Amino acid sequence: MDLQLYDTLAREKRRFLPLDARNVRVYVCGPTVYDDAHIGNARPLIVFDVLFRLLRHRYGAENVTYVRNITDVDDKINARAAERGVSIRALTEETYRRFHEDVGALGCLAPTHEPRATEHIAPMRDLIERLVGSDHAYVAEGHALFSVASMPNYGRLARRTLDEMIAGARVEVAPYKRDPMDFVLWKPSKPGEPAWPSPAGIATPGRPGWHIECSAMSWKHLGETFDIHGGGVDLVFPHHENEIAQSCCAFGTGVMANYWMHNGFLQVEGEKMSKSLGNFVTIRELLTSERFGARAWGGDALRLAMLKTHYRQPIDWTVAALIEAQSNLRRWRRAADGALGLERAPVPERFISRLCNDLNTPQAIATLNEICTQAEADLDAGARVDCATPDAMAGGRAAAAELVACLDFLGVAARESPAFTVDRAAVEAMLAARAAARQAKNWGESDRIRDELAAMGVVLKDSKAGTTWEISR
RNA sequence: GGCCACGUGGCGGAGUGGUUACGCAGCGGUCUGCAAAACCGUUUACCCCGGUUCAAUUCCGGGCGUGGCCUCCA
């Protein structure tokens, strides 16, 4: 079974072949740590986490290197720190800590490396020296600028020629630029701004431009050329286009990454997410506040809601979608209980093959549903007193074990982590009281107890085998 | 203005040149003191207009609509 991935550069699905199957290398653009990550930021985190899991499954966990950087030097960081009256370091450390909590709650595995921009200033300078030395860049008024005219292929990723870009350009052209599209590799720092000794003979201290950090960090951790580079579709231009320009020209290679993957954009309730519309929502707010849909959501529900849409499609982030994801989880977990006590089952190949088709998570989830239906039907048949069949029960349990394997693979826990606890003994006591009332056909008392439990968030399920309960929330 | 995506049943969302996606909701049934849950069954679709084709939701052209990028925003 081939792994097919859509490559933005080729504009088509291509069979994935790693440069080195013992070291498959992936780079994904991580957060700029000036504020909490919003739900739009969560999409690439989750999507590429699934890719990471799939690659580990195919090539072995120890043979995949996943790098997701932390950008901790940026003008937005400087501005925010000044605004809050805290040091830049304090701001980036605190934001990073919170980011880690958020991404963990979303069920994402830790990347192999999480390099920081400020710890890679030396390789950035090195790259800039090489670019200036080979006339792909020049120095002007304390800046180092990349010369787009020096690269014939510039614009290939975005499928845009320089002429087209300039035609529709709204860029403000700094007077020291040779070409309007030239972009900054290094810029001078004003007093109070983070500053490092400058490269390329520039006398004044300075700081890196936006794009150079990713070229430097991918180089240091993955090499001059690697397998997959990912990020949001809005990064195609200019960020990734410029990364390609910097890396390819600095190293004299024609390829920075063999496959370029981009996730689609996210809207909230049909509208662009923006602070002015008041629909801007962070991962943390979804997890802990009642801002969205008047309740807090589990990380699993957020993750599932994201994966129910193919990663390249636009996604509309709605309360209705979260409620539906929550129902799906409940159903799956109920069926997954049928696998209790069984050994781990391998992940079904038909499930994996869906993911191998360019990470088609909606199809994989459809397969998961089919497995769930089978488990439910067999377990139900096996449990019926009148037509109990050991074969059906065993089949149902095996299907439930497959279901658990699929859920594990997607990073969705097969059992709910107790968000809040109830007094189990009290619940059991009330259950016994209700059973006695029912025995005596005292329906009023029986229903009263059921309502009281419901108010506690405990839902009863009567069946021939007796009454079970679960936490609804 | 330039470039690029997307438009599927009540809703979400895959996919395909002729054959069931899947889920949620709804409806009918089994079960139940009632209800819930569970299980079984089941209705509704491919934005508009042309073209190619024996056949198009699927390919091509145009239109309309929504969104993205061109503004250091995933």
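Counting restarts for each chain, with residues numbered from 1 along the sequence as it is written. Chains carry letters from A onward and ligands carry numbers from 1 onward, assigned in written order. Totals for whole chains, interfaces and linings use all residues, but because this is a predicted model, local features are given only for residues with pLDDT of at least 70 and pairs of side-chain atoms are given and counted only at 80 or more. Note that water and hydrogens are dropped before the side-chain values are worked out from all heavy atoms of the structure.

A. Local environment of the packing of helix H4 (residues 121-133) against helix H6 (residues 212-222). Axes here refer to lines fitted to C-alpha atoms; in helices the fit is confined to the stretch in contact. Angles between the N-to-C directions go from 0 to 180 degrees. Helix and strand assignments come from DSSP, with helices taken as H or I runs of at least 4 residues and strands as E runs of at least 2, each series counted from the N terminus. Contact geometry for H4 and H6: axes closest at 9 Å, N-to-C directions at 105°. Here H6 runs roughly perpendicular to H4, going by the angle between their axes. In this structure, H4 uses Pro 123, Met 124, Asp 126, Leu 127, Ile 128 and Arg 130 to contact H6, whose residues at the interface are Ile 212, Glu 213, Ser 215, Ala 216, Trp 219 and Lys 220. Under the convention adopted here, Pro, Cys and the residues Ala, Val, Leu, Ile, Met, Phe, Trp and Tyr are nonpolar, Asp, Glu, Lys and Arg are charged, and Gly plus all remaining residues are polar. Classifying every residue of the contact of H4 with H6 by side-chain character gives 7 nonpolar, 1 polar and 4 charged. Small angles under 35 degrees read as roughly parallel and large ones over 145 as roughly antiparallel, with 65 to 115 read as roughly perpendicular and the rest as oblique. Here, residues are in contact when the closest pair of their heavy atoms is within 4.5 Å.

B. Region of interest: the side chain of Asp 182. Within the secondary structure, Asp 182 is located in the loop between helix H5 (162-167) and strand E7 (183-188). Apart from the residues lying within four places of it in its own chain, the contact partners of Asp 182 are Tyr 138, Phe 146, Ser 147, Val 148 and Lys 177.

C. Geometry of the confidence of the model for chain A. Residues at a pLDDT of 70 or more form 93% of chain A, whose mean pLDDT is 88. Interface predicted TM-score (ipTM) for the complex: 0.89; the corresponding pTM is 0.91. The predictor reports its confidence for every residue as pLDDT, a score running from 0 up to 100.

D. Molecular detail of the pattern of salt bridges. Salt bridge, as used here, is a side-chain nitrogen of Lys or Arg placed within 4 Å of a carboxyl oxygen of Asp or Glu. One pass over the structure, following the stated rule, counts 30 salt bridges. Between Glu 193 and Arg 207 there is a salt bridge whose closest N-O contact spans 2.9 Å. One end of the pair, Glu 193, is in the loop between E7 and strand E8 (206-208); the other, Arg 207, is in strand E8, with 14 residues separating them in the sequence. According to the relative accessible area criterion, Glu 193 is partly exposed, its value standing at 22%. Measuring nitrogen to oxygen at the nearest pair gives 3.6 Å for the salt bridge that ties Arg 350 to Glu 402. Placement of the pair is Arg 350 in helix H11 (residues 349-356) and Glu 402 in helix H13 (residues 390-410), with a sequence separation of 52 residues. Between buried and exposed lies partly exposed: a residue is buried under 20% and exposed over 50% of the maximum accessible area for its type, with that area taken using a 1.4 Å probe on protein chains only.

E. Layout of the domain arrangement of chain A. Boundaries between domains were set according to an automatic or database domain assignment. Assigned domains within chain A: domain 1 (4-263), domain 2 (275-419) and domain 3 (424-471). Averaged C-alpha coordinates put domain 1 and domain 3 at centres separated by 58 Å.

F. Inspection of the sheet that holds E8 at higher detail. Here 4 strands make up an open sheet; going across it, the order is E5-E6-E7-E8 and the pairing antiparallel. A strand with exactly one partner marks an edge of an open sheet, and here the two such strands are strand E5 (137-140) and E8. On average, adjacent strands in this sheet sit at an angle of 20° to one another, irrespective of strand direction. In this scheme, strands are said to pair when DSSP sees at least two bridges between them. Pairing geometry for strand E6 (residues 143-146) and E7, over 3 bridges, is antiparallel. Bridging across to E7, Leu 145 finds its partner in Val 184. Contacting E6 and E7, helix H7 (residues 236-251) runs over the sheet at an angle of about 80° to E7.

G. Examining the nonpolar core more closely. By convention a nonpolar core is built from buried Ala, Val, Leu, Ile, Met, Phe, Trp, Tyr and Cys residues, the set being connected through side-chain atoms within 4.5 Å. Counting residues in each nonpolar core, the largest one holds 80 residues, and the members touching the most others are Phe 16, Ile 39, Leu 55, Ile 228, Leu 286, Trp 317 and Phe 351. Built from parts of two domains, this core gets at least three residues from each of domain 1 (4-263) and domain 2 (275-419). Excluding residues within four positions of it along the chain, Leu 55 makes contact with Leu 3, Phe 16, Val 24, Val 26, Gly 60, Val 64 and Ile 228. Core analysis: the second largest hydrophobic core is formed by 44 residues, Ala 158, Trp 196, Ala 216 and Leu 235 among them.

H. Highlighting the environment of Asn 78. Structurally, the position occupied by Asn 78 is in helix H2 (residues 75-84). Judged by its relative accessible area of 14%, Asn 78 falls in the buried class. Put simply, Asn 78 and Arg 14 are 64 residues apart on the chain and 41 Å apart in space, counted from C-alpha to C-alpha. Once residues within four sequence positions are removed from consideration, Asn 78 is found in contact with Ile 88, Glu 193, Pro 194 and Arg 207.

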